Amino acid sequence: MEGASEINLNEEIVMEILLRLPVKSLIKFNCVCRGWRDLINSRHFINMHLCLAQSKEYIIVKRFEDEDKKNVLSFHSPADESLLAAAPELELPELDYSNPLQLIGPCNGIVCLRDFHEGIHLCNPMTRKFRTLPQSSFGSPGGFLRQTHVVGLGFDSTIDDYKVVRIFESSLYDFRAEIYNLSTDSWRQVDAILPPVILRDCFDLLFNGFFHWSAGPESSPHILSFDMGAEVFKEIKYPSGWLGEQAEPRSVGHSLVVLDDSMALILFSRGRLLDSELYDRSEQYIEIWAMMEYSVEESWVKKFFLGPFSGIQCVLSFWNNDKLLADCCKQLVSFGIQNDSKLKKYDIKGFYLQLVILKESLVSLY
């Protein structure tokens with residue numbers, strides 16, 4: 001009995017040590033012995049490691065480099081601003097980097113990549129694991145080319161499964177949705193007819209078990225949410241008095257972020273509208289509204305009004321509790337939200353800048 005107790009104690013100590021190691025080390029330790037491999041790849045260990053790794057975050061930046069005519073994905077550490085200047089590229093198998101990519105997520109360390117050729121891919125950047133989702137078997141009326149408008153990624157805790165939701169136009173102005181389950185590796189349709197969905201730059205967010213997009217016409221936009229568990233859609237109205245009610249709606253950009261554990265709407269003026277496509281970006285302002293009680297439209301509160309800025313094309317993310325990351329003239333910049341409009345520039349440049357801040361994760365795609 002004494003020997004058995006000693007062995008159990010040693011196993012517990014080993015597990016406690018392994019739980020505090022980074023993913024990179026744990027991948028190497030898979031080769032130590034079968035016991036360690038089985039432990040590290042168990043669902044229980046992966047979930048516990050994910051909870052303990054909440055403070056270990058990384059930035060994945062996606063950009064299109066015009067000179068090389070390709071998309072680049074790179075790793076960065078948010079803990080050290082100097083590491084935003086240079087970082088290793090992330091190469092994924094079977095992905096055509098010469099075509100436009102959209103970065104979606106994250107969810108428990110997993111991100112989704114959409115290649116705009118109806119191709120959707122899941123990736124765990126920390127383990128370098130990659131999975132291409134199968135094509136949907138659902139067709140469209142004859143002569144109509146089905147078009148995917150938006151994609152969302154989330155986790156359904158009620159069935160312990162990851163889901164991808166896709167909203168597409170099956171025929172002219174007929175918007176439908178379908179869901180992919182990782183456990184079954186298949187798509188199924190959702191019994192819902194949706195209003196027209198407008199995909200806005202930088203506008204999507206997984207929060208509180210719901211995925212969110214911008215929807216509706218330019219004159220009266222709203223947030224469309226999808227409950228990953230109940231699989232139902234809901235519309236959330238913009239706050240009363242938002243920036244677009246005071247200016248030409250088309251001249252206002254939109255982003256969603258998490259601010260102090262609340263969903264926040266970032267509205268940024270694109271500048272003075274010169275013609276139907278061109279903006280004078282020499283004087284721009286940013287509003288940040290927080291929804292203090294989720295899904296309660298009356299709880300919107302304006303937290304910050306920032307500016308003037310110049311050259312902001314898209315606000316990308318909230319960072320380190322006091323800064324925003326943005327695309328400024330095709331270059332990554334940051335600036336403080338406490339009356340600090342000075343831009344800090346990083347040596348990360350390219351078209352269609354996107355980024356996600358994700359937790360280190362061992363979550364498997366299989």
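It should be noted that the structure appears before, not after, this text.
Here goes a summary of the coordinates provided. None of these values were measured; they are calculated from a predicted model.

Cut-offs applied
Residues numbered from 1 in each chain as written. Predicted model: local features only at pLDDT ≥ 70, side-chain atom pairs only at ≥ 80, totals over all residues. Heavy atoms only, no water. Salt bridge = Lys/Arg side-chain N within 4 Å of Asp/Glu carboxyl O. Helix = DSSP H or I, 4+ residues; strand = E, 2+ residues; numbered from the N terminus. Buried < 20%, exposed > 50% of the residue type's maximum accessible area, 1.4 Å probe, protein only. Phe/Tyr/Trp six-rings, centres within 6.5 Å; stacked < 30°, edge-to-face > 60°. Lys NZ or Arg CZ within 6 Å of the ring centre and 35° of its normal. Pairing = 2+ DSSP bridges. Axes fitted to C-alpha atoms, helices over the stretch in contact; angles between N-to-C directions. Contact = heavy atoms within 4.5 Å. Polar contact = N/O pair within 3.5 Å; in protein donor to acceptor, adjacent residues only side chain to side chain.

Some remarks on the pattern of salt bridges
Thought 1: For the structure shown, the criterion picks out 11 salt bridges.
Thought 2: In this structure, E231 engages R188 in a salt bridge whose closest nitrogen and oxygen atoms are separated by 2.5 Å. Note that E231 is positioned in the loop between β13 (222–227) and β14 (233–237) and R188 in strand β10 (residues 186–194), a separation of 43 residues in sequence.
Thought 3: R188 gets classed as partly exposed once you look at its relative accessible area, which sits at 31%.
Thought 4: E287 is the salt-bridge partner of K302, the closest N and O atoms lying 3.4 Å from each other. Highlighted residues: K302 in strand β20 (residues 300–309) and E287 in strand β19 (residues 284–291), separated in sequence by 15 residues.
Thought 5: Since its relative accessible area comes to 39%, K302 is described here as partly exposed.

Examining the packing of aromatic side chains
Thought 1: Per the stated rule, a full pass over the model turns up 13 aromatic pairs.
Thought 2: Judged by centre distance (5.2 Å) and plane angle (45°), the rings of F211 and W213 are tilted. The exposure classification of F211 matches that of W213, with both residues buried.
Thought 3: Residues Y238 and W242 carry aromatic rings whose centres are separated by 4.9 Å and whose planes lie at 80° to one another, so their mutual orientation is edge-to-face.
Thought 4: It is R166 that lies over the ring of W187; its NZ or CZ is 3.9 Å from the centre.
Thought 5: Above the plane of the ring of W319 lies K323, whose end atom (NZ or CZ) is 5.8 Å from the centre.

Let's talk about the sheet that holds strand β5 (residues 120–124)
Strands in a sheet are paired, the pairing made by backbone hydrogen bonds, and the direction either parallel or antiparallel.
Thought 1: Reading across the sheet, the four strands line up as β3-β4-β5-β6 and stay open at both edges, with antiparallel pairing between neighbours. Two strands in the sheet have a free side with no partner beyond their single neighbour: β3 (102–107) and β6 (129–132). Put simply, the sheet's adjacent strands are angled 20° from each other on average, direction ignored.
Thought 2: Two strands pair when backbone bridges link them, and β3 and strand β4 (residues 110–114) are joined in this way by four bridges, in the antiparallel orientation. Bridge pairing in β4 links I104 to C112.

Some thoughts on the side chain of S225
Thought 1: For S225, the position within the fold is in strand β13.
Thought 2: Accessibility expressed as a relative area gives 1% for S225, which makes it buried.
Thought 3: In contact with S225, other than residues within four places in its own chain, are F210, F211, H212, V232, F233, K234, I236 and Y294.

What to know about the side chain of S361
Thought 1: Position of S361 relative to the elements: it lies in the segment after β25 (351–359).
Thought 2: The exposure class assigned to S361 is buried, which follows from its relative accessible area of 1%.
Thought 3: At 3.0 Å, the side chain of S361 forms a polar contact with the backbone nitrogen of V363.
Thought 4: If we skip the residues at most four places from it in the chain, S361 touches V23, L50, N108, G109, N124, M126 and T127.

A few points about the environment of Q354
Thought 1: Looking at the secondary structure, you find Q354 in strand β25.
Thought 2: A residue is classified by how much of its surface remains accessible, and Q354, at 16% relative accessible area, is buried.
Thought 3: Not counting the four nearest positions on each side in its chain, Q354 is found in contact with I60, V61, K62, L101, Q102, L103 and L316.
Thought 4: A distance of 3.0 Å separates a polar atom in the side chain of Q354 from the backbone nitrogen of L103.

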